[in-house]
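So the chains spell out like this:
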Amino acid sequence: MAISNVNEPRSAEPRGFALFALGFRPFFLAAGWSAVILVPLWAAVFLGWIDVDSRYGAYSWHAHEMIFGYAIAVIAGFLLTAVRNWTSQDTATGFWLGLLALLWLAGRILPFTPLQPLLIAGVDLLFLPALAIAIGIPLSRVKQPQNLVFPVLLMLLMGANLLIHLAVFAGMDTWRTGIDLAIGLVILVIIVVGGRVVPFFIERGLPGTQAPKWPKLEILVFVTAAVWLVTKLLAPASPWLAIAAGVAACVHGIRIGLWYTPRIWGVPLLWVLYLGFVWLIIGFLLDALAGFGTVAPTLALHAYTAGTIGTLTLGMMARVSLGHTGRDMQSASAINVAFALINIAALFRILVPLVFPEAYSTWIGFASIFWMVTFLLFVGVYTSILIRPRVDGQPG
């Protein structure tokens, strides 16, 4: 049973079914449930309790699905919704949205079947080009060249996915490159989206506050992150990576410093996003240390995934779902707990093992529990919100 949103009385909940009324609905719900399932399963595999019978293999399955299952579902839901706002053009709804969601779901299920690798890979690879077309058509109807970065990033993500499939099914030595490229591209999507929506969210959530907007800084933020990614691909665990990551950390630190106001701590829907970008800087700093051989590169990797991606996607799903279902911008108490738990999970996955490495498996277990509870709270609160029509009677 879904947990009621504490901010909405039961009498205000509309009747009906609206899961395919707008892109955020099916994909945020799919992302929430995949997060509930993926991490606890991986923790059980890691601890030796069970085995996952996937064509990818247990380790590869975990890494692939956290990116191309969970993270891509959130990106799909956000872009299909945001592009409609940016362009005033309709994006996929109804049958076509359902078909797109079914294609994503098929990519999650087929690796557990005895079907031919070419078919498994082909179905999974098809989703990102289909999503790029779904947002590219409305983007092409208006003159907004800055938004064309999103179809490009989606196609590059498809390329990263291809490298992973070549490693899994063709035995090529492209696994590490594919994973690093995929994570880096998701980070670039987050950086671009964050620069557009976080200042807007701050100004809307904190009346009277002006969030600085420096277009040249936004360009520098993207460029330094892109240089970090290229360096990570070409010279991993090297002094060159340490320099690129250190510069990126400084530039992104300036960015979130300009966004900062103590008032954000009174608004959970804001501080959760802010902390997500703090985790990004922590990731850059850990990559800088890894470049000098001081820490393991996996700590930086999980700062980007469990920290940045986990925290920011949860915060974005929570806020976007409220705004696009006509609800007040006030998160439920259970979701505020989830915001805290996702950051605690990241602490146990990244920083606690750095200090107490001898109990690494224990910290993985704790992090997985906190992550699972986080997303159980999310799907508990938001399932009814995502499947029911808007409370204000508007379409979407």
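Computed from a predicted structure; not experimentally measured.

Draft legend 1. Looking closely at a nonpolar patch on the surface. Where nonpolar side chains cluster on the molecular surface, the patch consists of Phe95, Trp96, Leu99, Leu102, Leu105 and Ile109 and spans about 650 Å² of accessible area. As for its position among the elements, Leu102 is in helix H3 (residues 94-109).

Draft legend 2. View of unusual backbone geometry. One non-glycine residue, Ser88, adopts positive backbone phi at about 60°. Structurally, Ser88 can be placed in the loop between helix H2 (58-87) and H3. The exposure class assigned to Ser88 is exposed, which follows from its relative accessible area of 65%. Positive phi, normally seen in glycine, also occurs at Ala237, with a value near 50°. Tracing the sequence through the fold places Ala237 in the loop between helix H7 (215-234) and helix H8 (239-259).

Draft legend 3. Examining empty space enclosed by the protein more closely. Scanning the model with the defined rule gives three cavities of 30 Å³ or more in all. Considered as a void within the structure, the largest cavity measures approximately 180 Å³ in volume. Around the largest cavity, the lining residues are Val74, Ile75, Phe78, Val189, Ile190, Val193, Gly194, Val197, Phe277, Leu312, Thr313 and Met316. Sorting the residues of the lining of the largest cavity by element identifies H2, helix H6 (175-205) and helix H10 (297-323) as the ones contributing at least two each. For the lining of the largest cavity, the element with the most residues is H6, which contributes five residues. Looking at side-chain class alone, the lining of the largest cavity contains ten nonpolar, two polar and no charged residues. Size it by volume and the second largest cavity reaches roughly 40 Å³.

Rules of the game
Residues numbered from 1 in each chain as written. Predicted model: local features only at pLDDT ≥ 70, side-chain atom pairs only at ≥ 80, totals over all residues. Heavy atoms only, no water. Patch = residues over 30% accessible without salt bridge, like charges linked within 9 Å, V, L, I, M, F, W, Y side chains within 5 Å. Areas by Shrake-Rupley, 256 points an atom, 1.4 Å probe, with all protein chains shown as cover. Salt bridge = Lys/Arg side-chain N within 4 Å of Asp/Glu carboxyl O. Helix = DSSP H or I, 4+ residues; strand = E, 2+ residues; numbered from the N terminus. Buried < 20%, exposed > 50% of the residue type's maximum accessible area, 1.4 Å probe, protein only. 1 Å grid on protein atoms, 1.4 Å probe; cavity = no way out; pocket = protein on both sides within 12 Å on 5 of 7 lines; lining within 4 Å. Points joined across faces, edges and corners; volume = space filled by probe spheres on them. Nonpolar A, V, L, I, M, F, W, Y, C, P; charged D, E, K, R; others polar.

Geometric descriptors of this kind do not, in isolation, establish any biological role.
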